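# Working through the structure, step by step
Now for the letters of each chain:
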Amino acid sequence: MTDLNAILEPGMLVRHPDFDEWGLGQVQSNIGGKITVNFREQGKVVIDGTRVSLVPVFDS
């Protein structure tokens, strides 16, 4: 598994690979593999970047 999570920075848009219904999320922080994302339909979620590879979105 490649670590695309390492490139995620605050302001970037992502999707959760397992929960499409959460909608688009905006990265709030990425510190020590813990990624805080504010999803449109789920709210603020802290993701363990060692267990979940978020999908960067470059065109919304």
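For the structure, check the block above.
Numbers given for residues are sequential positions, taken from 1 along each chain in its written order. Restriction of local features to residues with pLDDT of at least 70 applies here, the model being predicted, together with a cutoff of 80 or more for giving and counting side-chain atom pairs; totals for whole chains, interfaces and linings are based on all residues. Calculated side-chain values reflect all of the structure's heavy atoms, with hydrogen atoms and water omitted.

Attention shifts here to the overall build of the protein chain. The secondary structure listing takes helices from DSSP runs of H or I that are at least 4 residues long and strands from runs of E that are at least 2 residues long, numbered from the N terminus. Across its full length, the protein chain holds 0 helices and 5 strands. Written out in order from the N terminus, the α and β elements of the protein chain read β-β-β-β-β. Relative to a compact globule of 60 residues, whose C-alpha radius of gyration would be 10 Å, the protein chain shows 10 Å and is just as compact. The dimensions of the protein chain, computed from C-alpha atoms along their principal axes, are 25 × 20 × 20 Å. Type-normalised accessible area, obtained with a 1.4 Å probe on protein chains alone, sets the label of each residue: buried when under 20%, exposed when over 50%, and partly exposed for intermediate values. In the protein chain, which comprises 60 residues, the proportion classed as buried is 35%. We call two residues contacting when some pair of their heavy atoms lies within 4.5 Å. In the protein chain, of all internal contacts separated by at least 6 residues, the share reaching a separation of at least 24 is 34%. For the protein chain, the computed accessible surface area is about 4,000 Å², with 49% contributed by carbon and sulfur atoms. Using C-alpha atoms as the atom set, the radius of gyration is obtained and then compared with a globule rule of 2.2 Å times the number of residues to the power 0.38. Only the protein chains shown count as cover for residues, with accessible areas throughout obtained via the Shrake-Rupley method and a probe of 1.4 Å.

What follows is about the environment of Arg-51. Following the sequence through the fold, Arg-51 ends up in the loop between strand E4 (43-48) and strand E5 (55-57). Sequence separation between Arg-51 and Ala-6 is 45 residues; the distance between their C-alpha atoms is 13 Å.

The aromatic pairing rule takes the rings of Phe, Tyr and Trp, using the six-membered ring of Trp, and pairs them if the centres are within 6.5 Å, calling planes under 30 degrees apart stacked, those over 60 edge-to-face and the rest tilted. For the coordinates displayed, the defined rule picks out 2 aromatic pairs. Judged by centre distance (4.6 Å) and plane angle (10°), the ring pair of Phe-19 and Trp-22 falls under stacked. Judged by relative accessible area, Phe-19 falls into the partly exposed class, the value being 33%. Relative accessible area serves as the criterion here: at 14%, Trp-22 is assigned to the buried category. Put simply, the rings of Phe-19, Trp-22 and Phe-39 pair up and form one aromatic cluster.

For the rest of this paragraph, the subject is a nonpolar patch on the surface. Together, Leu-4, Ile-7 and Phe-58 make up a nonpolar patch on the protein surface, roughly 330 Å² of accessible area in all. Inspection of the secondary structure assignment puts Leu-4 in the segment before strand E1 (13-15). The patches described consist of residues with a relative accessible area above 30% and no salt bridge, like charges being joined within 9 Å and nonpolar side chains (Val, Leu, Ile, Met, Phe, Trp, Tyr) within 5 Å. Definition used for salt bridges: Asp or Glu carboxyl oxygen within 4 Å of a side-chain nitrogen of Lys or Arg.

Bringing the sheet that holds strand E2 (residues 25-31) into the picture now. As summarised here, the arrangement of the 5 strands in space is E4-E3-E2-E1-E5, forming an open sheet in which the pairing is antiparallel. Whereas interior strands pair on both sides, the edge strands pair on one side only; in this sheet they are E4 and E5. If you compare each strand with its neighbour and ignore which way they point, the axes differ by 40° on average. Here, a strand pair is defined by DSSP locating no fewer than two bridges between the strands. Sheet analysis places E1 next to E5, joined by 3 bridges and oriented antiparallel. Counted as the bridge partner of Arg-15 is Val-55 from E5. Helix axes are fitted to C-alpha atoms over the stretch in contact, other axes to C-alpha atoms as well, and angles between N-to-C directions run from 0 to 180 degrees.

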